[in-house]
Amino acid sequence: MAKTNGSHKPELAGLNCEPTSFAELPANGGRVKPLPILTPRRQFLTQATTAGAVLATGGISTPGLATTDSTKHGVAAFLDKSKTFDSSLKQLARQDYRRSFQTWGGQLSNSPDELFHAIRNGGGEPTYDFLIIGSGYGGSILAARLSAQAHSPDRIAIFERGREWVPGTFPDRFSDLSAQTRETIFGPQRKQLQNPLGLFDVRVNDEIDVMAGSGLGGTSLINASIALRPSPDVFWEPEWPSALRDMAALEPYYELTELTLDMGTIPGTRTRKVQAQQQVAEFLGYRNERTWLSIALNRAMLDAESRNRHGVIQRPCTYCGDCITGCNIGAKGTLTTSYLPLAKRNGVRMFTQTEVRYLEPCAVGWRVHFTHWQDNGRTIDPVHDCVTTANVVLGAGSLGTTELLLRSQQHGLSVSSRLGCKWSTNGDGLGILRKAKTCPNAVGVGAYPIDFAPVGPSVETTTFVNEHGPLLERLLIQEGAIPRAAANFFGLLFGNPDIDNTLAILAVGHDTAEGKIRLVDNRASVFWPGVQDSEHRARLQRTIARFAEAHGANYRVIRAFGDRLSTVHPLGGCSMGDSTESGVVNHLGQVFANCGGHGVEIDHEGQSVYEGLYVADGSIVPRSLGANPYLTICALSERIAFHMPNTPSLAKFLRSWG
Ligand SMILES: Cc1cc2nc3c(=O)[nH]c(=O)nc-3n(C[C@H](O)[C@H](O)[C@H](O)COP(=O)(O)OP(=O)(O)OC[C@H]3O[C@@H](n4cnc5c(N)ncnc54)[C@H](O)[C@@H]3O)c2cc1C
Ligand code: SF4
């Protein structure tokens, strides 16, 4: 069951609200009073747009660091506000990171020279015992847990295509945000790789755009950190392999992850967007509860030196609202504050800017072909090479892992014909609500000192719509902050820089998982003809419209970039099944082999699987979860990691649990 933390009864302190239609209420009066704390920002914004002040939308100038061009006003001034400043909070975050990993030279990643040296001096032996591809939730968990059981943990390596990102350096203005997309999103160069080291992997497709993170720590760097368990009846559905058709099989692994990532909820009602959403949920008659987050919410979660349970320095959250573009305070729990330091301490080597292209079986295990992206300051140049490893764990995410297996298939790997199928958006939907009369104060402010109301983490609560109805009709609605870096973009899109009362509504639900991933020009592309006209989409839009109405806000489906859906929760592509007819991997992440002979073994259920080839990430989830997915991806990965030491063919590398 979804975690419940305390009462879900909304607290309406400071608001005189009766559950009537908020849409009918005037902006500055009636039953819903805007909190006075918003005024300074509004005043500031008004001054800024007319007098060319240095405020970036939702942010504030840092005296002594900003440059002001007082001749600019209107839209020019608005654009001028897209400035970024090296605030003391950012400097502190960078120092904290370096201090946390001082033992390893202030960073987690290893030098690429070490990798190339190891490849050249391997002799006839595979260079590594385990090569983990991708450093998201699945990859990092496997690295941490396998290294704890390994005879030679320093013979485990991670290849991550993105950079190592240090808090205090994440983009907080729009120009930086757009420069950090891996592929070009608009224009004739659409879908072409523009920045192989970009933080945002935004893939534009014909029907559905998909977004994920790229960097050491995977999508944890840019997610909202919401940790939710799905409803137990989701696991009764036939898509799951029989070993997982009872959620109890995952219980200890959920608990382990919740502990490792130090989950908690924000105590009390603090932010305006939470108050607004709670009012609306109550008005519409839905249960709303605080959601578990992996964020250092207060000092109590840290020791006297501000270190978390893994010895990494974190700072208490400043409620800046920028979680989904990367936390510049160092408060958000990511994989670089948890599983990756655990792995590092055990000796795991971490190679960033190293993108795997495909893999093939070889005499010593697996040959993995990769490109190292060498950043020369002005250019980013590819260096192609290959490495051998006894075992591989694919943890490159739903699109990344499926893409790798599709390419490997083209190079002769014989896998299930289900590869690329059963792909789901996790029922995602996004609505941008403008001019909300509930005044949600939901535009991020960045890592700058502010003197107006805190925004809050990107998402703080979940509202359950049709909670006990059929799965396809259930929806979770979450109130979302617009990060500072995206604020100017929305302002321009709406033709109005005043976006103070704009609120993002995020919906998570169920779809029919009928998407397909295929390789087009060697790139994973998603196909789902007709999904734009699906009942699921219509239901999403109707529900978001009801929330918009209750917030007294304008809601319009934005079609500026085409009539497409979007998801930040891609699932499937290499889904689990009981056999090669129903899935690509078994419930322990072992890849089914569509052939016999050398390098193929028989799993516990008598199916042929490749020796030493595993998948642990969102690509194995065989259907929508109806809840934000990372907690379940973690639980599945912890379970895979737990079972690996007892696999006979891995005894040479791992100590068994006995
Ligand atoms: C904006 C946003 C907000 C989100 N908020 C939430 C939330 O609040 N709660 C929640 O549960 N979920 C959230 N998610 C989704 C969640 O973060 C993902 O479901 C989860 O991170 C997936 O984990 P993973 O292990 O499958 O892969 P990922 O975390 O995506 O990691 C995959 C890694 O593999 C790397 N990689 C890919 N291809 C290659 C290659 N060829 N070679 C080497 N490396 C490669 C990638 O760079 C990446 O680092 C959010 C996602 C986004 C984009
Ligand atoms: S609200 Fe701001 S400080 Fe808090 S976790 Fe999110 S990005 Fe970090």
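Being a predicted model, the structure only gives us computed values, none of them experimental.

Would you take a moment to explain helix α13 (residues 630-643) for this structure?
In this model α13 runs 20 Å from its N-terminal to its C-terminal C-alpha over 14 residues, within 8% of the 20 Å that 1.5 Å per residue would give. The element α13 is largely enclosed, with a buried count of twelve among its 14 residues. Looking at α13, one finds that the buried residues are Tyr 630, Leu 631, Thr 632, Ile 633, Cys 634, Ala 635, Leu 636, Ser 637, Glu 638, Arg 639, Ile 640 and Ala 641. Elements in contact with the buried residues of α13: α5 (137-149), β5 (226-227), α7 (251-260) and β22 (608-615).

What exactly am I supposed to notice about the nonpolar core here?
Across soluble globular proteins, nonpolar side chains show a tendency to be buried alongside one another. Judged by nonpolar contacts, the single largest core of 164 residues is most densely connected at Leu 131, Ile 133 and Val 591. Setting aside residues up to four positions removed in sequence, Leu 131 forms contacts with Ala 157, Phe 159, Val 368, Val 387, Thr 389 and Val 392.

Any chance you could explain the site of ligand 1 here in plain terms?
Around ligand 1 lies a shell of 40 residues, among which Gly 134, Gly 136, Gly 218, Thr 219 and Gly 400 are the nearest. Within the residue set of the shell around ligand 1, elements represented by two or more residues are α5, β4 (208-213), β9 (354-362), α10 (397-410) and α13. Classifying every residue of the shell around ligand 1 gives 17 nonpolar, 19 polar and four charged.

Any chance you could explain unusual backbone geometry here in plain terms?
Of all residues except glycine, most have a negative phi; of all peptide bonds, most are trans. A positive phi angle, close to 50°, is found at Asp 262, a residue other than glycine. Here Asp 262 is to be found in the loop between α7 and α8 (272-284). Residue Asn 522 is not a glycine yet carries a positive backbone phi of 70°. Here Asn 522 lies in the loop between β16 (516-520) and β17 (523-527).

I'm lost on the environment of Ala 363 in this one. Help?
Counting through the fold element by element, Ala 363 comes out in the loop between β9 and β10 (365-375). Residues Ala 363 and Gly 599 lie 236 residues apart in sequence; the distance between their C-alpha atoms is 8.7 Å.

Which parts of the structure should I look at to understand the site of ligand 2?
Near ligand 2 lie 13 residues; those nearest to it are Cys 317, Cys 320, Cys 323, Cys 327 and Ile 329. Grouping the constituent residues of the shell around ligand 2 by class yields nine nonpolar, two polar and two charged.

I tried to follow the pairing of β9 on my own but got confused; where do I start?
Consecutive side chains along a regular strand alternate between the two faces of the sheet. Sheet analysis places β9 next to β10, joined by eight bridges and oriented antiparallel. Bridge assignment links Cys 362 to a residue of β10, and that residue is Gly 365. Where β9 hands over to β10, the hairpin turn is made up of two residues, counted between the paired strands.

Teacher, can you tell me more about helix α11 (residues 484-494) here?
Along an α-helix, residues three or four positions apart point the same way, because every turn accommodates 3.6 residues. Listed as buried for α11 are Arg 484, Ala 485, Ala 486, Ala 487, Asn 488, Phe 490 and Gly 491. Gly 495 sits one or two positions beyond α11 and adopts a positive phi of about 70°.

Looking at this structure, how should I read the sheet that holds strand β19 (residues 565-567)?
Across a sheet, strands are paired by hydrogen bonds formed along the backbone, either parallel or antiparallel in direction. Taking strand neighbours across the sheet as the criterion, the three strands line up as β3-β4-β19 in an open arrangement whose pairing is mixed. The sheet terminates laterally at β3 (200-203) and β19, the two strands that pair on one side only. Each strand of the sheet is rotated relative to its neighbour by a mean of 15°, with strand direction disregarded. Bridge count between β4 and β19: three bridges; the pairing is parallel. Of the residues in β19, the one forming a bridge with Val 210 is Thr 567.

Explain the confidence of the model for the chain to me, please; I cannot follow it from the model alone.
Detailed reading of the predicted coordinates is not advisable wherever pLDDT falls low. Mean pLDDT over the chain: 86, with 87% of residues reaching 70 or higher. Note that pLDDT drops below 50 for residues 1-78; the model gives that stretch 152 contacts with residues more than four away or on any other chain.

Which parts of the structure should I look at to understand the packing of α7 against α13?
Packed helices, taken two at a time, are described by the angle their axes make and the gap between the axes. It is the contact of α7 with α13, at a shortest axis distance of 8 Å, that shows an interaxial angle of 115°. In this view, α7 runs roughly perpendicular relative to α13, as classed from their interaxial angle. α13 is crossed by α7, and the crossing has right-handed handedness. Residues Tyr 253, Tyr 254, Leu 256 and Thr 257 of α7 touch α13, and the partners they reach there are Leu 631, Cys 634, Ala 635, Glu 638 and Arg 639. Looking at the contact of α7 with α13, its residues break down into six nonpolar, one polar and two charged.

The rules behind the values
Residues numbered from 1 in each chain as written. Chains lettered and ligands numbered in written order. Predicted model: local features only at pLDDT ≥ 70, side-chain atom pairs only at ≥ 80, totals over all residues. Helix = DSSP H or I, 4+ residues; strand = E, 2+ residues; numbered from the N terminus. Expected span 1.5 Å × (residues − 1). Buried ≥ 20, exposed ≤ 12 C-beta atoms within 10 Å, placed from the backbone. Contact = placed C-beta atoms within 7 Å. Core = buried A, V, L, I, M, F, W, Y, C linked by C-beta atoms within 7 Å. Near = placed C-beta within 6 Å. Nonpolar A, V, L, I, M, F, W, Y, C, P; charged D, E, K, R; others polar. Pairing = 2+ DSSP bridges. Axes fitted to C-alpha atoms, helices over the stretch in contact; angles between N-to-C directions. pLDDT = per-residue confidence, 0-100. Parallel < 35°, antiparallel > 145°, perpendicular 65-115°, else oblique. Left-handed = near helix turned anticlockwise from the far one by under 90°.

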